[in-house]
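Report on the structure
The primary structure of each chain is shown beneath.
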Amino acid sequence: MKKISKSVITTATTILLAATMLSTANAELYAGKRTPGNGNIPYFIHSSVDNYSTNYTNIYTSAASSWNGINSHVSLSRVYETNNSKPDVYGVSTSQRTLQGEMICYDSYSASAPSHPSSNWLYAMTLVYDNNTPNEVAKKSAAVHEIGHTLGLAHTFQPNETSVMSEGNFFTAPRDYDKAQLNLKWP
Ligand SMILES: [Zn+2]
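Throughout this document, residue positions are counted from 1 along each chain, in the order its sequence is written. Under the rules for a predicted model, residues below a pLDDT of 70 receive no local features and side-chain atom pairs below 80 are neither given nor counted, while totals for whole chains, interfaces and linings still include all residues.

Per an unreviewed UniProt entry, the chain goes by the name Peptidase M10 metallopeptidase domain-containing protein and belongs to Paenibacillus baimaensis.

Given below as structure tokens:
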């Protein structure tokens, strides 16, 4: 009985170690990404942003442009209708959740339930939670961060790197580390 237990523990430890190594290698990039457009991504700013005193149109256009010019495959461009271009949608929510923002991806245009960024998606919704972002810097940072998720970047946990993809940061543009990650994601 003890021998079996030890064997089970050893096996479990080996699997855990392998899983840890694997997740370390891939932790900061999602396995999936947006499939249409090959990185040329149209985005639509939802009219609900006008319900807020903060100028979210400015915040979103500047956040999107901060990701442009880093990688030749990645280009975010604003569109003004959703009928033909099937864009990503940027919006604002007053949700009481503790998040400052959220990226929600969908694998079908008629999907009622979100997909997961571990598999490819068709489009994403980027939200900034107005009530949870205390000031303009936090709102800008949340927008840049969530758009980074739409580009396939996950959270950064590197203690020696500064990153707009780390949680709770106040950077308002991608850092060098984020640019390198973007280039890894879109080779
Ligand atoms: Zn995040």
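Picking up where we left off.
A short note on the overall build of the chain
By the criteria applied, helices consist of DSSP H or I runs no shorter than four residues and strands consist of E runs no shorter than two, each listed in order from the N terminus. Counting secondary structure elements, the chain contains four helices and five strands. The order of α-helices and β-strands along the chain, N terminus first, is α-β-α-β-β-β-β-α-α. In this scheme every C-beta is placed from the backbone, and a residue whose C-beta has 20 or more other C-beta atoms within 10 Å is buried, one with 12 or fewer is exposed, and one in between is partly exposed. Counting over 187 residues, the chain shows a buried share of 32%. The long-range share in the chain, meaning contacts at least 24 apart out of those at least 6 apart in sequence, stands at 68%. Throughout, a residue-residue contact means that the two C-beta atoms, derived from backbone geometry, are no farther apart than 7 Å.

A closer look at the UniProt feature "domain: Peptidase M10 metallopeptidase" (unreviewed entry) in the chain
The UniProt feature table records "domain: Peptidase M10 metallopeptidase" (unreviewed entry) at residues 130–165. Secondary structure content for residues 130–165 is 42% helix and 0% strand, while the C-alpha to C-alpha distance between its ends is 19 Å. UniProt positions are given in the numbering used here, feature names are shortened, and annotations may be inferred rather than shown by experiment.

Brief notes about the pairing of strand β1 (residues 40–45)
As judged from the five bridges shared by β1 and strand β2 (residues 75–79), these two strands associate in the parallel manner. Across the sheet, the residue bridging to Tyr43 is Arg78, located in β2. Each pair of strands is called paired provided DSSP finds at least two bridges between the two strands. Alignment of β1 against strand β3 (residues 88–93), held across three bridges, turns out to be parallel. Bridge assignment links Phe44 to a residue of β3, and that residue is Val89.

Points about helix α3 (residues 136–150)
Between the first and last C-alpha of α3 there are 21 Å, a value that for 15 residues agrees with the 21 Å anticipated at 1.5 Å per step. Residues of α3 that are buried include every one of Lys139, Lys140, Ser141, Ala142, Ala143, Val144, His145, Glu146, Ile147, Gly148, His149 and Thr150, and no others. Contacts from the buried residues of α3 go to α2 (56–66), β3, β4 (101–106), β5 (123–129) and α4 (176–185). Helices are assigned an expected span. That span is 1.5 Å times one less than the residue count.

So, the pairing of β3
Alternating positions in β3 separate cleanly, Asp88, Tyr90 and Val92 being buried on one face and Val89, Gly91 and Ser93 remaining unburied on the opposite face. Judged from the five bridges that link them, β3 and β5 form a sheet pairing that is parallel. Note on β5: the bridge partner recorded for Val92 is Val128.

With respect to unusual backbone geometry
Its identity as a non-glycine residue notwithstanding, Asn38 has a phi of 50°, on the positive side. By the element assignment, Asn38 lies in the loop between α1 (2–26) and β1. By C-beta crowding, Asn38 is classed as exposed, having 12 other C-beta atoms within 10 Å.

Some remarks on the nonpolar core
Counting residues in hydrophobic clusters, the biggest one holds 25 residues, and the most contacted among them are Tyr60, Ala63, Ala64, Val128, Ala143 and Ile147. Elements that contribute at least two residues to this core include exactly β1, α2, β3, β5 and α3. For this core, the leading source of residues is α2, giving five residues. Take the buried Ala, Val, Leu, Ile, Met, Phe, Trp, Tyr and Cys residues, join any whose C-beta atoms are within 7 Å, and the set you get is a nonpolar core.

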